[in-house]
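Architecture at a glance
Below, each chain spelled out in residue letters.
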Amino acid sequence: MLGGAGFIGVAACKELMRRGVETIAAGRKDRPYGVFTSYVTIDRFDEEQLKQMLDSVQPDVLLDLACFTPAEVEVAMRIFEGERYVFVSTGVYPHLNGRPAREEDFIPLEGDPPEMLDYLEGKRWCETVLERSHDFPWTVIRPPAVFGQADHTLRIAAYIQRVEDGGPVLVPEESYERQAGLAWVKDIGYACALACDLRKDLTRKAYNAAFDGVSVRDLIEGIARAMGKPARMHPMPFEQLPDGASPYGPDPRRSAGYVLDRARKELGFEPSALEDALAETLAWYRVARPSHPGYANRAKELALAGAA
């Protein structure tokens, strides 16, 4: 498992080990603690080093959580000789302007990738390379924004902090009540484990994995109930939101979350309840007390809400 020590990687490792699967995680930094069946330290950008590791381990499945560029996918295609390559992607869909995204909405890119790619475009090009391959046995998992304990992005903390302080939470009036692209890290680890099951015919298919029907309003109200606080929301135009005020958006141009029909039928995926995800996340928050960078502008947000 490449990137096995990361946020989603640890969740996937735990779910695979719960299923009795020997799990070998790989990453750039040494990890002495016992989350994994075993762990190796490698630099995936060193193709020879990666090849030696795969030759030594000979995995049946290669779960790749740390791939962001098409060149990395091309290396994996050259040297992996197992039965399935599972690529963890993201919301690679074009602007659907409020329509929920189905897996077939992804449009492979044309031409050659540019030298510089941001995260989203990198993932789109990775999937494009996989689509262009002829007989490489890939499966793709597409999570949206993922939260849970130890969420390094701290985006979930942005909402918890604002509910905790009792003031209004600024949200985009166009989209805060529609389904959002959100998922719990344990559910994505679960989806990854399902994709690694070679008894299922998942070759050359992509699967959405997310909550079903959860909006930003639902998220804020769920946090408020769990904390015993009022759920105060202040809708305003998306384009006028200060940076970091509502880090999950949703951007009205994007899809309204995901359709999970294919994942349910073929992958066997079923999302958890939002309440369960928030209970564990809030337990982490109360101990760690993280702060999202955007919270530094809280005074400006309160002034905007008061002036409107």
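Scroll up a little and you will see the structure.
What this report covers is the structure whose coordinates are included nearby. (Residues numbered from 1 in each chain as written. Predicted model: local features only at pLDDT ≥ 70, side-chain atom pairs only at ≥ 80, totals over all residues. Heavy atoms only, no water.)

**Looking at the overall build of the protein chain**
Operational definition: A run of H or I in DSSP becomes a helix once it reaches four residues, and a run of E becomes a strand once it reaches two; helices and strands are each numbered from the N terminus. The reference for a compact globule is 2.2 Å times residues^0.38; the radius of gyration itself is calculated from the C-alpha atoms. Whether a residue is buried, partly exposed or exposed follows from its accessible area with a 1.4 Å probe, protein chains only, as a fraction of its type maximum: under 20%, in between, or over 50%, in that order.
The number of helices and strands found in the protein chain is ten helices and ten strands. Rg of the C-alpha trace for the protein chain: 20 Å, near the compact-globule value of 19 Å for 308 residues, within the 12% margin. Counting only C-alpha atoms, the protein chain reaches 60 × 45 × 35 Å along its principal axes. For the protein chain, buried positions account for 53% of its 308 residues.

**What to know about the nonpolar core**
The test is simple: Here, the term nonpolar core denotes a set of buried Ala, Val, Leu, Ile, Met, Phe, Trp, Tyr and Cys residues that are joined through side-chain atoms within 4.5 Å. Contacts are residue-level and defined by heavy atoms, with any inter-residue pair within 4.5 Å sufficient.
Judged by nonpolar contacts, the single largest core of 70 residues is most densely connected at Leu-63, Phe-147, Leu-219, Ile-223, Tyr-248 and Leu-267. If one sorts the elements of this core by residue count, helix H6 (residues 185-195) sits on top with seven residues. Filtering out sequence-adjacent residues up to four positions away, Ile-223 remains in contact with Ile-156, Tyr-159, Ile-160, Val-163 and Leu-278. Membership of the second largest hydrophobic core comes to 22 residues, among which are Leu-2, Ile-42, Leu-54 and Tyr-85.

**With respect to the packing of aromatic side chains**
Heads up, the rule is: Aromatic contacts are taken between Phe, Tyr and Trp rings whose centres are within 6.5 Å, Trp giving its six-membered ring; a plane angle under 30 degrees counts as stacked, one over 60 as edge-to-face, and the others as tilted.
Throughout the structure, instances matching the rule amount to seven aromatic pairs. With 6.5 Å between their ring centres and 80 degrees between their planes, Phe-80 and Phe-136 make a pair best called edge-to-face. One end of the pair, Phe-80, is in the loop between helix H3 (70-79) and strand E4 (84-88); the other, Phe-136, is in the loop between helix H4 (119-132) and strand E5 (138-142), with 56 residues separating them in the sequence. Assessed through its relative accessible area of 7%, Phe-80 is described here as buried. Aromatic side chains Tyr-159 and Tyr-248 sit 5.3 Å apart centroid to centroid with 15 degrees between the ring planes, which places their arrangement in the stacked category. With Tyr-159 in helix H5 (residues 155-165) and Tyr-248 in the loop between strand E10 (233-236) and helix H8 (261-267), this residue pair connects regions lying 89 residues apart in the sequence. A residue is classified by how much of its surface remains accessible, and Tyr-248, at 9% relative accessible area, is buried.

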